[in-house]
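Read off the chains here:
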Amino acid sequence: MAEPNPTAAEALSEMQELLRSAASDGNSSRLPAVRYTLCREALLRSEFRPSLPGFLFQCLTFARAHDFIHLYHPEVEKRLAFLELEFRACTGGVRARPRFDIFDDTGF
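Rules used in this analysis
- Residues numbered from 1 in each chain as written.
- Predicted model: local features only at pLDDT ≥ 70, side-chain atom pairs only at ≥ 80, totals over all residues.
- Heavy atoms only, no water.
- Helix = DSSP H or I, 4+ residues; strand = E, 2+ residues; numbered from the N terminus.
- Buried < 20%, exposed > 50% of the residue type's maximum accessible area, 1.4 Å probe, protein only.
- Contact = heavy atoms within 4.5 Å.
- Areas by Shrake-Rupley, 256 points an atom, 1.4 Å probe, with all protein chains shown as cover.
- Expected span 1.5 Å × (residues − 1).
- Axes fitted to C-alpha atoms, helices over the stretch in contact; angles between N-to-C directions.
- Parallel < 35°, antiparallel > 145°, perpendicular 65-115°, else oblique.
- Left-handed = near helix turned anticlockwise from the far one by under 90°.
- Nonpolar A, V, L, I, M, F, W, Y, C, P; charged D, E, K, R; others polar.
- Salt bridge = Lys/Arg side-chain N within 4 Å of Asp/Glu carboxyl O.

Residue-level account of the overall build of the protein, with values.
Counting its secondary structure elements, the protein contains 5 helices and 0 strands. Secondary structure elements in the protein, listed N-terminal to C-terminal, are α-α-α-α-α. Counting the 108 residues in the protein, one finds 37% classified as buried. Looking at the protein alone, contacts between residues at least 24 apart form 71% of all its contacts between residues at least 6 apart. Put simply, the protein shows about 6,900 Å² of open surface, and 56% of that area lies on carbon and sulfur atoms.

Below, the structure written as structure tokens:
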């Protein structure tokens with residue numbers, strides 16, 4: 001049976017949960033990989049796109065995101081803090097300026 005497609009808000013919440021799990025214990029089973037792909041696709045089509053962390057555009061798979069996060073810092077606490085900071089713009093935090101979306105055609 002196919003996995004249900006999440007709404008943008010569900011995808012944002014689930015993506016943060018998946019990435020926090022990856023930062024903490026390194027779970028890389030099939031289920032997180034499938035959910036990561038579905039959530040990533042939903043987020044890239046959503047109103048959250050302009051404020052998404054840049055690595056979500058480049059990390060096409062859960063394995064790539066997992067590796068990116070683990071290479072960021074060897075300490076779990078630092079990886080979790082990094083994720084919190086990166087998602088702050090999506091979750092109501094303030095960012096100095098919007099992120100530049102290299103895949104957006106507006107303004108040309």
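Can you lay out helix α2 (residues 30–44) for me, pointing to particular residues and giving the numbers?
The first and last C-alpha atoms of α2 sit 21 Å apart over 15 residues, in line with the 21 Å expected at 1.5 Å per residue. Within α2, the full set of buried residues consists of Pro32, Arg35, Tyr36, Leu38, Cys39, Arg40, Ala42, Leu43 and Leu44. Elements that come into contact with the buried residues of α2 comprise α1 (8–25), α3 (54–58) and α4 (62–72).

Which residues make up the packing of α1 against α2, and what values go with them?
Close contact between α1 and α2 brings their axes to 9 Å; oriented N to C, the two are set at 135°. Between α1 and α2, the crossing angle belongs to the class labelled oblique. Between α1 and α2 lies a crossing whose hand is left-handed. On α2, the residues touching Ala8, Ala11, Leu12, Glu14, Met15, Leu18 and Leu19 of α1 are Pro32, Arg35, Tyr36, Cys39, Arg40, Ala42 and Leu43. Class assignment for the residues of the contact of α1 with α2 results in 11 nonpolar, no polar and 3 charged.

A description of the pattern of salt bridges should follow, citing residues and the corresponding values.
Summed over all chains, the structure comprises 1 salt bridge. Measuring nitrogen to oxygen at the nearest pair gives 2.7 Å for the salt bridge that ties Arg35 to Glu14. Remark: Glu14 occurs in helix α1 and Arg35 occurs in helix α2; sequence separation between them is 21 residues. A residue is classified by how much of its surface remains accessible, and Glu14, at 22% relative accessible area, is partly exposed.

Interpretation note: all reported values are geometric properties and have no functional meaning in isolation.
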